Amino acid sequence: MVTNRVAGDEKSETASTRPFIYYGQPDPFGMGQIREAWAGRELLLSFFQRDLLIRYRQVFVGVVWVLVQPLLGTLIFLMLFHFLGADQGTNEAPRSRWRDASVILIGMLFWQLVNNSLRDATGSLVNYRHVITKIYFPRMLLPLSSLLCALFDLLVGLILLVPVVWFSSTGFSNTGVEWWRVLFALPALAWLVVFCFGAILWLSSLNAQYRDVGYALPFVLQIGMFLSPVVYGYERVLKALSPTWQILYSANPVASCIGIARWAILGAPLPPLLGILFAGFLTVVLVLSGLVWFQRSNQWMADRI
Amino acid sequence: MMEAIHADRISKRFRLGTLGEHQRLTEALSKSVRRWISRSGSTTSETKEFWALKEVNFRIAQGEVVGIIGHNGAGKSTLLKILSRIVTPTSGRVGVRGRVGSLLEVGTGFHPELTGRENIFLNGAILGMKRSEIRQRFDQIVAFAEVEKFLDTPVKRYSSGMTVRLGFSVAAHMEPDVLIIDEVLSVGDQAFQNRCMGKASELGSQGRTILVVSHNLAAISNICTRAMLLDHGTISIDGTPQQAIERYLQGMRADTGIAQWDSTSAPGSNEIQLRSVAVRNTGTERATNSVAIDQPIRIEITYDVLQDQIVNAVQIHLKDENGVFILSSGNAPSMSLSADPTFGTPIRRGTYTTTCELPANFLNDSRYVVSVLLGPELGKPSVACESVLAFSVTDTGAMRKEFLGSWYGPVIRPRLGWETHKIENEDDERHKQR
């Protein structure tokens, strides 16, 4: 009975009612792909679901793995800094450990988003080339699915952040969490997601033609982690660098995003405003050029991948 | 009549050499620097160009079932890939009306770790179905594929037959306005192929536009309302299936009895490449497309083994002009008169020739089409070359001493044992009755 109704629906919108469309309409700014990707959102969900399912197939502790990575990372750096005598804050009180932990954890979680999305998205097209050469679908969905997975990891990881920040704030009324400010962490996160989106547009399509990208990426990511305030606070940056260098340092969108998030959640100092603007400009350039490039590469992708 | 597909002067150029290789970034940079330094168009001569399609032009009306035939390398697959938007043409454009479903491979995007149920949703989504559509047709898909019991088993534990059935079943239920089908129907067993063909003609009768590439001429003439013959990237005939098939076979008739490839165009994998297939009468050196009926026929398959330790099995399929499958044989001990020692044993790199000998006085005087399959096992070919070669068996008179007409009808014409015995003497019987 259900199937009969479906057949009826199908007939009411047969091909004759649909418009005649030529492939490859002019799309110089790559905006058509966004419409196309939106139309394919169900497929994106399927890819995302597939990535999650595969990740936890035949895995014993399952989703706990998402928590282990930032947790262990935070602990290791915390211990490292403790033994090296290079604590984040200057306060000797035992509570400052919690504050150090939350500084590192925020950095870790944000960095994990960048690291995982770039790492997985770069290979996403190449790993799926047997499908890309056999059927057409909005190819942007593949790197986007990797980005969604990384975002999922971050959202799960936030479970860790709540107790850590709670402990770090109760002892220090002057650095306590202010709820109105925490809301600013969301635009910082959204910005970081947009930045990752621009980066994966470039990386995934470049990797489709030049496999070097995949080889160079782990190295670049490693350097990027130390060039961004992941395991150290912005205070150190402000202390160590001259104002000009501070701006250049903050032009790195990852640095600015993490800086803003820490300011929002912990009340840490903000990155210089000029640096933030510069980083925002770079992000816009990255995303727009990424869209144009992805659109171009889409045309030869099945031939050269 | 409403137009469903319009191919507007599409051409596709491939650059030989760089095609398929993954260019390194440094090479691309150094090349562009060199180009910039020389500032002349001299680099264009560096790579050889190859036009897979040249100015292909046609319109297909809604509801037509169009078959595309042609030799290997005629551009059929490229055409389908352009029509299904996978590949962008070098020039020209393609327009379609409505939803396009392309089925160039069965089970595209199946993930071995996922269960049958999960793969139905994933594969359906890749094919362009909405979740709600898949949910509504889920039971039909499962029933058609006959995998009810294994729905929650990972696909990696499926047999290859089950995987193919599931893949086709999902695709068969996508109900697009335009359906593009490649050689997919040549996988699976005969019963499955028949079912696929049935499904295809059912979709055609529902008023959907279908484009199908196949070497199965019988299927083309059965389900198609129109057929196109592609020859070296151009359409050489566009008409009824009978016209196209006739011309296709005529083209083969001009063959010299040998099909050869050079190393760049040879069909094959990274392990094995087919170099030539030849037909000759036993005892003669020259390949011929016309063999004598009273002589044994030798089909010689020459191939390069590109890696050491390859296990290879050679198989031929013989079909007649109407696509009727006459025989399938391989170099396995169970199928040959004397065991072939290379069967099932790893062989070293090099060029090999495997010969199959058909007995004399076996085939009728008609035309036959040879397909060659190479692969690690019989039935699991890694290289399948459909209809590589045609030859005709001519009656030299050795078998028609008594009868001068044509032996129309039968496919084979072996000399069989015939004897007549006298059981009782008629005279004796008459004597008894008296």
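Our structure is the block above this text.
Please read these numbers as outputs of a predicted model, since none were measured by experiment. (Residues numbered from 1 in each chain as written. Chains lettered and ligands numbered in written order. Predicted model: local features only at pLDDT ≥ 70, side-chain atom pairs only at ≥ 80, totals over all residues.)

Undergrad: Quick one: what's the story with the pairing of strand β16 (residues 325–330) of chain B, residue by residue and with numbers?
TA: Successive side chains on a regular strand alternate, one facing one side of the sheet and the next facing the other. All names here are of chain B. Summarising the sheet, strand β15 (residues 313–320) and β16 pair through five bridges and their orientation is antiparallel. Of the residues in β16, the one forming a bridge with Ile 316 is Ser 329. Linkage of β15 to β16, two consecutive antiparallel strands, is achieved through a turn of four residues, within which Gly 323 is found at a positive phi near 85 degrees. (Pairing = 2+ DSSP bridges. Helix = DSSP H or I, 4+ residues; strand = E, 2+ residues; numbered from the N terminus.)

Undergrad: Describe the interface of chain B and chain A, listing the residues and the values that go with them.
TA: How big an interface is tends to be stated in terms of accessible area lost as the parts join. Across the boundary between the two partners, chain B contributes 41 residues, which contact 33 residues of chain A. At the level of elements, β1 (3–16), α1 (25–38), β4 (91–97), α3 (116–126) and α4 (131–145) of chain B are the ones that each hand at least two residues to the side of chain B that touches chain A. Pairing of strand β1 (residues 20–22) of chain A with β4 of chain B, which is carried by three bridges, proceeds in the antiparallel orientation. Paired with Ile 21 of chain A across the two strands is Val 96 of chain B, which belongs to β4 of chain B. (Contact = placed C-beta atoms within 7 Å.)

Undergrad: Quick one: what's the story with the nonpolar core, residue by residue and with numbers?
TA: With 141 residues, the main nonpolar core has Leu 192, Cys 196 and Ala 261 of chain A as its most contacted residues. At 15 residues, helix α5 (residues 95–127) of chain A tops the list of elements feeding residues into this core. With residues up to four places along the chain from it excluded, the contact list for Leu 192 of chain A reads Phe 110, Leu 113, Val 114, Val 254 and Cys 257 of chain A. Ile 272, Leu 274, Val 314 and Val 372 of chain B belong to the second largest nonpolar core, which has 34 residues in total. (Core = buried A, V, L, I, M, F, W, Y, C linked by C-beta atoms within 7 Å. Buried ≥ 20, exposed ≤ 12 C-beta atoms within 10 Å, placed from the backbone.)

Undergrad: Summarise the pairing of strand β8 (residues 226–231) of chain B; cite the residues concerned and give the values.
TA: Residue and element names in this part refer to chain B. As paired strands, strand β3 (residues 65–70) and β8 are joined by five bridges and run parallel to one another. Within β8, the position partnered with Gly 67 by the bridge is Ala 227. Of the strand pairs in this sheet, β8 and strand β9 (residues 234–239) are connected by five bridges, and their pairing is antiparallel. In the sheet register, Ala 227 faces β9, and the bridge partner there is Gly 239. Here β8 folds back onto β9, and the loop between the two strands holds two residues, one of which, His 232, carries a positive phi near 50 degrees.

Undergrad: Can you lay out helix α4 (residues 64–84) of chain A for me, pointing to particular residues and giving the numbers?
TA: All names here are of chain A. Between its first and last C-alpha, α4 extends 30 Å over 21 residues, near the 30 Å set by a 1.5 Å rise per residue. Considered for burial, the residues of α4 that qualify are Val 66, Pro 70, Thr 74 and Phe 77. All buried residues of α4 project into a common sector of 70 degrees when viewed along the axis, lining one side. Projecting away from the buried face of α4 at angles above 90 degrees are the exposed residues Val 64, Val 68, Leu 72, Ile 76, Met 79, Leu 80, His 82 and Phe 83. (Expected span 1.5 Å × (residues − 1). Arc of directions from axis to C-beta.)

Undergrad: Tell me about the packing of helix α9 (residues 185–209) of chain A against helix α10 (residues 212–227) of chain A, and name the residues and values.
TA: All names here are of chain A. Their axes nearest at 7 Å, the elements α9 and α10 cross at an angle of 135 degrees. Taken together, the axes of α9 and α10 are oblique relative to one another. Residue-level contacts link Leu 203, Leu 206 and Asn 207 of α9 to Val 213, Gly 214 and Leu 217 of α10. Each residue belonging to the contact of α9 with α10 can be placed in one class, and the counts come to four nonpolar, two polar and no charged. (Axes fitted to C-alpha atoms, helices over the stretch in contact; angles between N-to-C directions. Parallel < 35°, antiparallel > 145°, perpendicular 65-115°, else oblique. Nonpolar A, V, L, I, M, F, W, Y, C, P; charged D, E, K, R; others polar.)

Undergrad: Can you lay out unusual backbone geometry for me, pointing to particular residues and giving the numbers?
TA: Residue and element names in this part refer to chain B. Phi at Arg 85 takes a positive value of approximately 75 degrees, unusual for a residue other than glycine. Mapping Arg 85 onto the fold places it in the loop between α2 (76–83) and β4. Unlike most non-glycine residues, Ser 387 shows phi in positive territory, near 50 degrees. With respect to the helices, strands and loops of the structure, Ser 387 is situated in strand β20 (residues 383–394). By the C-beta count within 10 Å, which is 23 here, Ser 387 ends up buried.

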